[in-house]
Each structure stands twice: as structure tokens, then as C-alpha cells.
Amino acid sequence: MPTFTPDRSLLNPKFDGYKFSPLEYDEVTSHYSLQHRLSQTNASGRAPLSFQEVQSRVLHNHLVVCSQSRRAVYVDAELRVIGVDLDEATLVPTFRVLYELPQPIQTDAAQTLQREYPSAAFVDPTSLLVSDGYGTLYAFRVGTSGPAELLAAYELSIPTEYESVQSSVPFRLHQAVDPGPQTILAVLSSKHYPKITPEPPSKLRKAPPVNFDIWGVQIALPIASSADVQPLSIAWHRRGADVPLYTAYDASRKSFLLVGSAPYLPLARAPAPVYDPSPDELAPIPRAGENLDGTSSPAPPDVQKPPPYSWTQTSDTVTLAIPLPSDTPTAHIKVAFAPRTLTVLVEGAPSSASSPDVPVVVPRYTLRPLWDGIQPGTSVWTFDRDAERAYGVLALHLDKAHEGTRWPQVFAQYAGPGEAEDEGEVPETLDPTELYAIRESLEKYTAALREGTDASGLGLGRGMPSLAEGERDDEVDLSVGKAVCLTWVGALSSSKDEHRDDDTPLEILSTPFPGSSGSLPPSLVAKNGLDGVVYTLREGWTHTATYSALAFVLASKRDTRFVHHVGHRAVFAFESGTQDLGGNVYIYRGAGPKENWAKQAVLKVGGGSAGALLGVGLVKTQDKVVVLCLCEGELVVLRGVV
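Sequence order sets the numbering: in each chain, residues are counted from 1 along the sequence as written. Where totals are concerned, whole chains, interfaces and linings use all residues; where local detail is concerned, this predicted model gives features only for residues with pLDDT of at least 70, and gives and counts side-chain atom pairs only at 80 or more. Derived side-chain values reflect all non-hydrogen atoms in the structure, with water molecules and hydrogen atoms excluded from consideration.

**Let's talk about the overall build of the chain**
Consideration 1: Within the chain, the regular secondary structure consists of five helices and 37 strands.
Consideration 2: The rule is simple: take the accessible area with a 1.4 Å probe, protein chains only, and divide by the maximum for that residue type; under 20% is buried, over 50% is exposed, in between is partly exposed. In the chain, which comprises 642 residues, the proportion classed as buried is 44%.
Consideration 3: Look at the contacts in the chain between residues 6 or more apart in sequence, and 61% of them connect residues 24 or more apart.
Consideration 4: Surface summary for the chain: the accessible area is close to 33,700 Å², and the carbon and sulfur share equals 53%. Helix and strand definitions follow DSSP, with helices as H or I runs of at least four residues and strands as E runs of at least two, each counted in order from the N terminus. Note on definitions: a residue-residue contact is assigned when non-hydrogen atoms from the two residues lie within 4.5 Å. Calculation of accessible area relied on Shrake-Rupley with a 1.4 Å probe; when residues are assessed, cover is drawn exclusively from the protein chains displayed.

Take a look at the structure:
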């Protein structure tokens, strides 16, 4: 049985769209200037970055929120650990320098490795781990005021069995938990540097594959203060082709969840290397009917059977067109309309394509359930026979019981008694008048983009940037989400028996808000057609809610940096923002499966003097949800938006 199964009762095929519900900007947003600014340009090294490393840095969240308190931290451009405490009553943040990390001495050997962005993780409100991005992990005790106390420093010493040419590498800190007894578990990731260096890429050879090591390390409690750097104890290790997009710890399973674009396997289960054939080994692929060997060609395959009918619809009518032989007497056609079913029987008509002389099959429908209700008294049928042609058209005009409801298909997926197997869904044929209306609205929209005017009237921008003109790709516009694999790893076991995968791949649209793990169970929003389906981890992955048309609206966002959700209440899509463009957060609120409309809102949080958005987090105080947005030069507090 598949791990991720949508519940049809929670899907809404009648959903129409999102209606703009504006928020009072001054009432829900507050901006606070940063004395200690951040920078995106402090990652350097001589080695070039792979695509996976670039993508990981773009999606890196520089703000870390404690899920058990109103506390957050970030590391500024000068490697200062800055604490942020949010006042419970006024929601005004206060800043303090917790610690100044030492600046590493750059040597020729160290500069050959790309450093990581600094990263941090709270174990509890008073215990903090910070990675400097150069290969050192610091453990702090944080008080209610003043600087933090440094307890110990650690480094990741890689044993020889992991086949790395480097004994110590920069790493990123993803998560830290206290599963007990007397142990802190942290999840780290680092680039794998193999002992056998692959050949450099050339015009005829692809770039060598890049792998990443995922480390589960443990720190014994209480932490013994020491002036020397201590080696980290490795509890488990996995290897994959990408940096994890999301990690979570499930206490009931005593396991970590790793979500990434590839599975994370023990070394004993590492996948076999992909074989790339040389140019001499490549063989041409013949076209349809083409013979590359010079021998007699086989007979062409049969032409695909046409659908049994075609159909179209307007706001109040569904029209079916069924081909019939022109010599069919009208008396042989039996049609019966019912409020929820349709019956179509043609006497003497072929029920199967038994010979080449009968290329069409006349469908036989006996009380066939329709997708929605109709008005039998005003529904009619006609038969238009053409003497000069072999086939005429039986047209059924069904009057919709619910005017304005758009049908995704004609029939429910059910074959009645005595009928053949269900022929499947038949796609709708657009009516020319509807096609004209759609084309006219699209022309108005594209004209606004070409002229640089704001088609929305909301002051959200002037079309696409000039650098993007001529670079539009319809296939990219329709593709949204990230295909991921889910890997479970036992928290304290390095045995390969503790490794298991959920059914994959899964296209992810959103991950939980950073900082929400203390109040909400792990959940993922997965792509299901145009919708976003919320799967919540309980006994298994359960479909608990649906964000209708979420995939469709997210496909139009060109500068999205973070997409996070708060359970079934809202999805936030954050733009990164530059000096002049973007910096908005788009808020899509959840709606029930029987509601045709949902609300959306737009707020400006980044760009301009605030700089690019670099991190987000969620804080819960007095049953209120507060969203923190960390920009290069400002901290933006959003309240009353969820």
C-alpha cells in the first residue's frame, strides 16, 4: 500500500480560486534595524561549487528559532552570534551579542575547501550549538541576559572507513535534540571528498558526481568544559546525492526523518555508479517506420482507437457528441435522462470493433452515473446524419443542475451492469467561444507585462525584470515543487537494519515553518495535480487537509526562496528580494473541501533598504503566532497574519 494516499473527500474539484483579502500593513508588520548585519558573500574557497551546493546555499535559513521559547539567533558577517529575544507582551525584539566566534586562519590547504554558511540549532532554551562553517562546532549555555557561556568546542574527525581524502571538513548543522538519557544528538551534512579524484569535466564528459555525507553525532551530558577542541562521536552515517531539504526527529519512532532529492543510504547499500557510454557506444534511435538495418520493415502498429465520444461544456450545459453510422434509424436510438444517470442504447450498433470495416465502437450506457446532477426535463438529444458521409453525430445536450459548476469529466468512474470496463476519462474539447474569451484575457495580461504596467493594481511590481525578457519557458512555468525521497534513520544506531524509506518520489511544495516543531507534528505539503495536499505524520502519513490550486499559484512565483506552512491554516511563499524588485510574502489560507474560494494576502518584507530576505522562523506566544523575517539589514516581525 502506498505511503502517501490522498483522501478524495478532502479534495475540492469545484474550487474556483483565491480572493485577495488585504491586511493593514502598519498593524501587522514592524521593522527593526540590525546593528549587526548579515552577508551572503562570506562563503569562499578555491574549489568551484556544484549545483547542489549552490542550491543549498540559496535555500539556507540564516535565522534559527527555539521551538520551546521566544528566542532566536543568527550569525552576522563578522562571525558574531546574535541573540534575539521577543517580548511576550509587546512583541518587540531585543538584540545582544552572545559570543564572537574566532576567525579561522586561512591556509593554502584550508582554502581548497568551500566553507559553509554558519548554522545553529537549539537543544532547549538554554542550550545552543553553533557551527562556524569552517569545521568547528561550539556548545553554549544561554542565560536570560548578557553573553553566552562557551562550554566546549568540537570538530568532525572523519575515520578512514568513510573513504575521504580529508580528515576534517566544513559542515552544516541541521538539527539538535535531547532524546535522553544524558545525550545530545545532532545532524550534520558535509561534502564528500573521495580519495580517488574524478577526472575534470570536458566538453564530451559530464561533471563528476557529487555526494554528501550525513552524520549523526552525539555529545554526552553534562558537557565538560574544555579549552581543547574535542572530536565528535559518530552515532550513524548516511550518504546521498544532495543536502537534506528538511529534517525532523520523531520521538515515538526514536528516528530522524531526512527529506532530500535522493535517498540517504549506508555505505554498504550505496547505489552502483551510473555508467555513461562513450560516443562510440551510442546508437541512433530509429524514427517511426524507419529501418536502420536495411531489412524489411515490420508492419506499422495499429492506429490508436479514438475515444467513444467527445464533449464540451458551458456554464449551464454539457454537450456529448457520439459518432453513429449514418444509416442508423432514429427509432433504434434510445436515450433516457435521469437526475444523476444517463442511458444510451443503439439497437443493431456494433458494441466492439470486430473487423476493420467497423472502426468505431458505439458505447452502451445503462444508468451510467454522471459526474454531477442534470435537469432531465430540459435535457435533449439530436441525431445529425450526413448522407455523403459514413457517420453522423448523436448529440446529447445535458442541462446542468448546478449552473456555474465546471465538470472535470462526464461520468463518474463506474461501469454499470452489463457494460464493458470503464474506458477512462475523455478529455474535454474546448468550445471556440470559451477559447476566445481565454485568449482575450491572456492578451490583456501579456500586454501589461510587455508595457511594464502593474496589472494587479496592488503596487507589487512592473512585470518581469528586463534581464528575464526573452527567457520565458512554458515548461518551467508549469513545473513547481521538488521531487524528494524520505529516509528514516534510527537515532542511536549505525546498523543498516535501522534504515528504511517511505514510498518515493514525492513532489514537495512546502515544508513546516522553522520553529513550529514544538507545537505541530511533522507535515509535508505535496503536489497532487494543481493542489497541495497536507500529509501529517501520525501512525503513518495521513492526508489531513488540502490547499486547493496551490501548485498552480506557486508556479507563477519566479523569485521564491522559502515556502513554509502552518498546518492547515496557511502557506507562506517568501521572495528573496533585491535592491529594487520582489521581497513580498504571499499568504495562501486554507479552506474547507466544500468552499469554492479561499483568501490570500500579500505583504512587503524584504528588498530595498532592508536587503534580501535570508531567514524566517515562527514563534508562538500567548496562543499567538508571530513570524520573524530576517533580512540583511532589518528584522521584520509579522503578527496577526495566521
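**Structural notes on unusual backbone geometry**
Consideration 1: Following L221, the chain continues into P222 via a peptide bond in cis, with omega recorded as -5°.
Consideration 2: When you line up the elements, P222 lands in the loop between β13 (212-220) and β14 (229-231).
Consideration 3: Of note, the phi angle at K254 is positive, near 50°, even though the residue is not glycine.
Consideration 4: By the secondary structure assignment, K254 is in the loop between β16 (246-250) and β17 (255-260).
Consideration 5: A positive phi angle, close to 50°, is found at L367, a residue other than glycine.
Consideration 6: Counting through the fold element by element, L367 comes out in strand β22 (residues 365-369).

**Some words on the packing of aromatic side chains**
Consideration 1: Under the pairing criterion, centres of Phe, Tyr and Trp rings, with the six-membered ring standing for Trp, must be within 6.5 Å; the plane angle then separates stacked pairs below 30 degrees from edge-to-face pairs above 60, leaving the rest tilted. Tallied over the entire structure, the rule returns 15 aromatic pairs.
Consideration 2: Ring centres of F572 and F574 lie 6.1 Å apart, and the angle between their planes is 15°; on these two criteria the pair is classed as stacked. Taken individually, F572 and F574 each receive the classification buried, so the pair is uniform in this respect.
Consideration 3: In textbook terms, an aromatic cluster arises when at least three aromatic residues are bridged by ring pairs, as seen for F4, Y535 and W541.
Consideration 4: A ring has a charge above it when a Lys NZ or an Arg CZ is no more than 6 Å from the ring centre and no more than 35 degrees off the ring normal. The aromatic ring of W597 is capped on one face by K19, whose charged end is 4.7 Å from the ring centroid.
Consideration 5: The ring of F411 carries R368 above its face, with NZ or CZ at 4.8 Å from the centroid.

**Observations concerning the sheet that holds strand β23 (residues 380-384)**
Consideration 1: Across the sheet, which stays open at both edges, the four strands sit in the order β18-β19-β24-β23 with antiparallel pairing between neighbours. Taken across any chain shown, the strands that pair with only one partner, and hence form the sheet edges, are β18 (310-313) and β23. For this sheet, the mean angle separating the axes of adjacent strands, direction not counted, is 20°.
Consideration 2: Strands pair, by our definition, only if DSSP identifies at least two bridges between them. For β18 and strand β19 (residues 317-325), the ladder comprises four bridges, and the chain directions are antiparallel. Only the contacting stretch of a helix is used when fitting its axis, a line to C-alpha atoms as for every element, and angles between N-to-C directions run 0 to 180 degrees.

**Topic: the pattern of salt bridges**
Consideration 1: Salt bridges are defined by distance alone: a side-chain nitrogen of Lys or Arg within 4 Å of a carboxyl oxygen of Asp or Glu. Within the structure shown, the criterion is met by 12 salt bridges.
Consideration 2: Residue R70 is joined to E88 by a salt bridge in which the shortest nitrogen-to-oxygen separation is 3.7 Å. Remark: E88 occurs in the loop between β5 (80-86) and β6 (93-100) and R70 occurs in the loop between β3 (64-65) and β4 (71-75); sequence separation between them is 18 residues.
Consideration 3: We classify R70 as partly exposed; its relative accessible area is 32%.
Consideration 4: The exposure class assigned to E88 is partly exposed, which follows from its relative accessible area of 33%.
Consideration 5: When salt bridges with common partners are traced through the structure, they connect R71, D85 and R96 into a single cluster.

**Notes on empty space enclosed by the protein**
Consideration 1: Any residue with an atom within 4 Å of a point lines the site, the site being either a cavity, points on a 1 Å grid over the protein atoms alone where a 1.4 Å probe fits but cannot get out, or a pocket, an open set with protein on both sides within 12 Å along at least 5 of 7 lines. Grid points are joined across faces, edges and corners, and a volume is the space filled by probe spheres set on the points. Enumeration according to the criterion identifies five cavities of 30 Å³ or more in this entry.
Consideration 2: Reported here for the largest cavity is a volume of approximately 90 Å³.
Consideration 3: Surrounding the largest cavity, 13 residues form its lining, H62, Y74, V75, P118 and S119 being those nearest its centre.
Consideration 4: Of all the secondary-structure elements, those providing two or more residues to the lining of the largest cavity are β4 and β7 (119-124).
Consideration 5: Broken down by element, the lining of the largest cavity gets its largest block of residues, three residues, from β4.
Consideration 6: Broken down by class, the residue content of the lining of the largest cavity amounts to seven nonpolar, six polar and no charged. Only Asp, Glu, Lys and Arg are considered charged, only Ala, Val, Leu, Ile, Met, Phe, Trp, Tyr, Cys and Pro nonpolar, and every remaining residue, Gly among them, polar.

**A short note on the sheet that holds strand β12 (residues 183-191)**
Consideration 1: Taking strand neighbours across the sheet as the criterion, the four strands line up as β11-β12-β13-β15 in an open arrangement whose pairing is antiparallel. The open sheet terminates on both sides in strands that have one partner only, identified here as β11 (172-177) and β15 (233-240). Strand after strand, the sheet turns through a mean of 20° between neighbouring axes, direction not considered.
Consideration 2: Pairing analysis gives five bridges linking β11 to β12, with the strands arranged antiparallel. Looking at β12, one finds that L173 is bridged to L188.

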